[in-house]
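A look at the structure
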Amino acid sequence: MRSIMSEPLAERLRPRTLDDYIGQKHLVGKGAVLRNMIDAGRISSFILWGPPGVGKTTLAQIIANRLKTPFYTLSAVTSGVKDVRDVIERAQKTRFFNEASPILFIDEIHRFSKSQQDSLLGAVEKGTVTLIGATTENPSFEVIRPLLSRCQLYVLKSLDKADLEELLQRAITKDIILREKKIELKETAAMMRFSGGDARKLLNILELVVESAATEPVVITDELVSNYLQQNPLAYDKDGEMHYDIISAFIKSIRGSDPDAALYWMARMIEGGEDPQFIARRMIISAAEDIGLANPNALLLANAAFDAVMKIGWPEGRIPLAECAVYLATSPKSNSAYMGIGSALELVQRTGNQPVPLHLRNAPTQLMKDLGYSDGYRYPHDYAGHFTAQQYLPDALQHERLWHGQHSPSEQKLYDRMVNYWGERYKDD
């Protein structure tokens, strides 16, 4: 068995109880929804969605310890359908009458294929296992709907400054190794900045800075931390925690029309062993969000790059990814579709379920026709230019504007067409 002295600081400090767990008070604080279920001794299957280093795995382990139930864990990166079925079979054999179901924890559940997720459905529905999934990706995009409908979804937040400061104090006063050293936390702003709310990253930074010190006391300052991390840009990223920092820089470089920077950050991800599909998915999002209607071909190329990577694999897949990155970075930019759907969602949340105007309603039966459904609807293809002005929004919202054209050469044509059709309604001030 590995000695505790050889374990990383983040592992040595992993909380064992909810009272020691830092952050996520909205879920596990006194009276919070997940805390109440845990205290009652019964939990339903759920998925934890949040950024790296906020305690998803730790929380799952604490729950298993508290409920005194068998705890099985799978990684979506290394496990297949057979592994899932083997765990479910073992869970069936170890469960006793009236005991809580064994917990199956799946890290990075968003990386499970559809067939792998399908293999979980029966066991989750029957209660053979209680599934706890952890993901850094939006589950509504990555988890199949039948599985998502059988699970609660809890969103974990990045740790705030007070949480991180509490964690640092615990590390230097409670850890079996660091408490024997003389450590002064004179300044912590740099550690906070580099960690980005990631507890594991923060502890890695602290451990590496302390280990690098030649003498004691170790006085930690912002300058010391910054200098050390700049000299060792990957040293504190043992498990890829810069994943989100670098993808953020990559996307912002595309948005800012800098192909050199986009290629650089892509190279950093490739050298760091990033999943090529992750890079390709993010470029699809960028093509829709940042280039949008200014160059609709960008979305087509991003989809093609994703398909190419899936077909040809690595390392050749880097070439279509690079081609796409340069194309996106050098394309004209528009976020009008992104802004438009944001405005539409805000309007729906603010105004509720407005009734569909009668002339737009479907009328498959005579009764519906008698009630006026579809009455007065004008079929646009029957008119010159395939257009006729009529009301499409609900009565109470008919004068709302949600899409505002942005005047790149490509999008200007769309804007001009709308002004030609609708006149003043679509004219921007």
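Residues numbered from 1 in each chain as written. Predicted model: local features only at pLDDT ≥ 70, side-chain atom pairs only at ≥ 80, totals over all residues. Heavy atoms only, no water.

In spatial order, the strands read S2-S3-S4-S1-S5; together these five strands make up an open sheet with parallel pairing. Every other strand in the sheet has two partners, leaving strand S2 (71-75) and strand S5 (152-155) as the edge strands with one partner each. In this sheet, adjacent strand axes meet at a mean angle of 20° when their direction is disregarded. In terms of strand pairing, strand S1 (residues 46-49) meets S5 through four bridges, oriented parallel. Bridge assignment links Phe-46 to a residue of S5, and that residue is Gln-152. (Pairing = 2+ DSSP bridges. Helix = DSSP H or I, 4+ residues; strand = E, 2+ residues; numbered from the N terminus. Axes fitted to C-alpha atoms, helices over the stretch in contact; angles between N-to-C directions.)

For residues other than glycine, phi is negative in most cases, and the peptide bonds are mostly trans. Positive phi outside glycine occurs at Lys-68, with the angle close to 50°. For Lys-68, the location among the structural elements is in the loop between helix H4 (56-67) and S2. A positive phi angle is found at His-386, which is not glycine, with a value near 60°. With respect to the helices and strands, His-386 occurs in the loop between helix H19 (366-370) and helix H20 (409-422).

The next thing to look at is the pairing of strand S4 (residues 130-135). Of all six residues in S4, six are buried, a share of seventy percent or more. Here S4 shows a buried face lined by Thr-130, Ile-132 and Ala-134 and a second buried face lined by Leu-131, Gly-133 and Thr-135. Inspection of the sheet shows S1 paired to S4 by four bridges, in the parallel sense. Each bridged residue has a counterpart across the sheet, and for Trp-49 the counterpart in S4 is Thr-135. Looking at chain direction, strand S3 (residues 103-107) and S4 are connected through five bridges and run parallel. Each bridged residue has a counterpart across the sheet, and for Ile-106 the counterpart in S4 is Gly-133. In this fold, the crossover linking S3 to S4 by way of helix H6 (residues 114-126) has right-handed handedness. (Buried < 20%, exposed > 50% of the residue type's maximum accessible area, 1.4 Å probe, protein only. Right-handed = clockwise from strand over helix to strand, strands pointing away.)

To continue, consider the confidence of the model for the protein chain. For the protein chain, the average pLDDT comes to 84, and 94% of its residues sit at 70 or higher. In this model, residues 233-241 is a region of pLDDT below 50 whose contacts with residues beyond four sequence positions or in other chains number 19 contacts. (pLDDT = per-residue confidence, 0-100. Contact = heavy atoms within 4.5 Å.)

Its location among the elements puts Thr-221 in the loop between strand S7 (218-220) and helix H12 (222-231). When the C-alpha positions of Thr-221 and Thr-188 are compared, they lie 6.7 Å apart, and in sequence the two are 33 residues distant. Only 3.1 Å separates the side chain of Thr-221 from the backbone nitrogen of Leu-224, close enough to count as a polar contact. (Polar contact = N/O pair within 3.5 Å; in protein donor to acceptor, adjacent residues only side chain to side chain.)

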